[in-house]
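Commentary on secondary and tertiary structure
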Amino acid sequence: MTPALPPLEHYAALAAERMTDLASRYAASAAGSGHTARWNEERYQEIRLAPRVGVDVTSVDPSVRLLGRRLPHPVLLAPTGCHRLFHPEGELASVRGAGEAGALFVVSSYTTTPTADIAAAARGPWWFQLNPAPDAGFVANVLDEAVARGAEALVVTLDTPVAGMRSGQGWDGVSLPDGLEFGVLRDLPAGLAPPADPEVIHRSALDAGLTWDRLAGLCAERELPVLVKGVLRGDDAERAVAAGAAGIIVSNHGGRNLDTLPATVDALPRVVERVAGRVPVLVDGGVRSGGDVLKALALGANAVLLGRPYLWGLAAEGAEGVRRVVTRLRVELEMAMALCGVRTTDEITDDVLWT
Ligand code: FNR
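First, a word on scope: everything that follows refers to the structure included in this document. (Residues numbered from 1 in each chain as written. Predicted model: local features only at pLDDT ≥ 70, side-chain atom pairs only at ≥ 80, totals over all residues. Heavy atoms only, no water.)

Observations concerning the overall build of the protein
In terms of helices and strands, the protein carries 11 helices and 12 strands. Over its C-alpha trace the protein gives a radius of gyration of 19 Å, about what one expects of a compact globule, namely 20 Å for 355 residues. In terms of principal-axis extent, the alpha carbons of the protein reach across some 65 × 50 × 40 Å. Looking at the protein as a whole, 55% of its 355 residues qualify as buried. Expressed as a percentage of contacts within the protein between residues at least 6 apart in sequence, the contacts between residues at least 24 apart total 73%. Averaging the positions of the 33 positive and the 43 negative side-chain charges in the protein gives two centres separated by 3 Å. (Helix = DSSP H or I, 4+ residues; strand = E, 2+ residues; numbered from the N terminus. Rg over C-alpha atoms; globule rule 2.2 N^0.38 Å. Buried < 20%, exposed > 50% of the residue type's maximum accessible area, 1.4 Å probe, protein only. Contact = heavy atoms within 4.5 Å. Lys, Arg positive; Asp, Glu negative; His and termini not counted. Charge placed at Lys NZ, Arg CZ, Asp CG, Glu CD.)

Written out as structure tokens, the structure reads:
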């Protein structure tokens, strides 16, 4: 019998049975030989915990405050594209599952559902992620639409000026099967067709000319907080804060863009140190357990984002699978907190790490 909150491996296995070959390869693909994607997970397992016993943990509260909002726990859903490849209800199932699990949902630019429909199905806060396209008018329309529909923040992905060479994907990432279309990028005036010449590295939907000055413009133009996703270096974190970013997401894109980038949990402390509390720092990549969430928070993250694991839940059981994957991690986090002798997320410091 399936337990009420199965482990993530259960969903990985179930998803593998239910996903089409295309969806499987899209979710799993990583840059190069997949070192970075593996390190993201492995490095969490190399960090040891130092539990404090004899503490009254009759009450454990995993909630966090983020950009002025109290969230029931620090597990957010990272922007990932093409949810209709994983389940017929696509992003609608994801955003419902997120809402039921109390997880903030980040809508990807590569959504296969229009932003308006996701907004209508949302039962909790959501942010919109932008892969800036070279077309300023198009980008302005996309952002205006997201803001009008209720996005509470914008996430600008800066780590993908060009696509990486992804092993195993065997798909251009934009030619969807019959019956599916992109909910936002379908309106890109230049179209999405990959260049006929395989030696051309640039793509119509990715702005290779995006600099910190332009990001500063984006931050200044909008009332909404703008988070920068894809920062690994302390000096880039400083540039993000100087440009007006309201938050930083330490990310290597799940190891999908450039192989041999460091694990994000190794990059996190440098960014945290440089930012010194001026804006929240989030991290994604390789988070696979409540213990991993605890470790990320102990290293200074304000919250984490999940990528592949919720796609397994989505592929396996739609909204309910997403809800159960997130809930499993939240329950594991509460257990890890109690077992380490911490009652609130504010009490999670590097004191819980075995150094
Ligand atoms: C992604 N990611 C991503 N990031 C982004 O900024 N925009 C996007 O459209 C996508 N699309 C996407 C699709 C798929 C299938 C995956 C697996 C990932 C990266 C994502 O936001 C996040 O950084 C990583 O997925 C986190 O790593 P884990 O949790 O998958 O290890």
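There is more to say after this.
A closer look at the site of the ligand
Every one of the 24 residues lining the ligand counts as a neighbour, but Pro-79, Ser-108, Thr-157, Asp-284 and Arg-288 are closest to it. At a separation of 2.7 Å, an oxygen atom of the ligand approaches a polar side-chain atom of Ser-108. Side-chain polar atom of Ser-251 to an oxygen atom of the ligand: 3.3 Å apart, as the coordinates give it. Relative to its free-state accessible area of 600 Å², the ligand is covered by the protein chains to the extent of 98%. Elements that contribute at least two residues to the shell around the ligand include exactly helix H2 (21–28) and helix H11 (308–340). Classifying every residue of the shell around the ligand by side-chain character gives seven nonpolar, 12 polar and five charged. (Near = heavy atom within 4 Å. Polar contact = N/O pair within 3.5 Å; in protein donor to acceptor, adjacent residues only side chain to side chain. Areas by Shrake-Rupley, 256 points an atom, 1.4 Å probe, with all protein chains shown as cover. Nonpolar A, V, L, I, M, F, W, Y, C, P; charged D, E, K, R; others polar.)

What about H11?
Taking 1.5 Å per residue, 33 residues should reach 48 Å; H11 reaches only 27 Å between its end C-alpha atoms and comes up short. The sharpest bend along H11 comes to roughly 145°, located at Glu-317. Phi turns positive one or two residues past the end of H11, at Gly-341, with a value near 80°. (Expected span 1.5 Å × (residues − 1). Bend = angle between axes of the 7 residues up to and from the residue.)

Focus on the packing of aromatic side chains
What the rule picks out here adds up to three aromatic pairs. Their ring planes at 80° and their centres at 5.9 Å tell us that Tyr-110 and Phe-182 sit as a pair that is edge-to-face. Of the two residues, Tyr-110 is situated in the loop between strand S5 (105–107) and helix H5 (115–121) and Phe-182 in the loop between strand S8 (166–167) and helix H7 (212–221); the sequence distance between them amounts to 72 residues. What links up through ring pairs into an aromatic cluster is the set Tyr-26, Phe-86 and Trp-171. In this structure, Arg-256 is placed above the aromatic ring of Tyr-26, and the distance from its NZ or CZ to the ring centre is 5.3 Å. (Phe/Tyr/Trp six-rings, centres within 6.5 Å; stacked < 30°, edge-to-face > 60°. Lys NZ or Arg CZ within 6 Å of the ring centre and 35° of its normal.)

As far as function goes, none of this settles anything; it's purely spatial.
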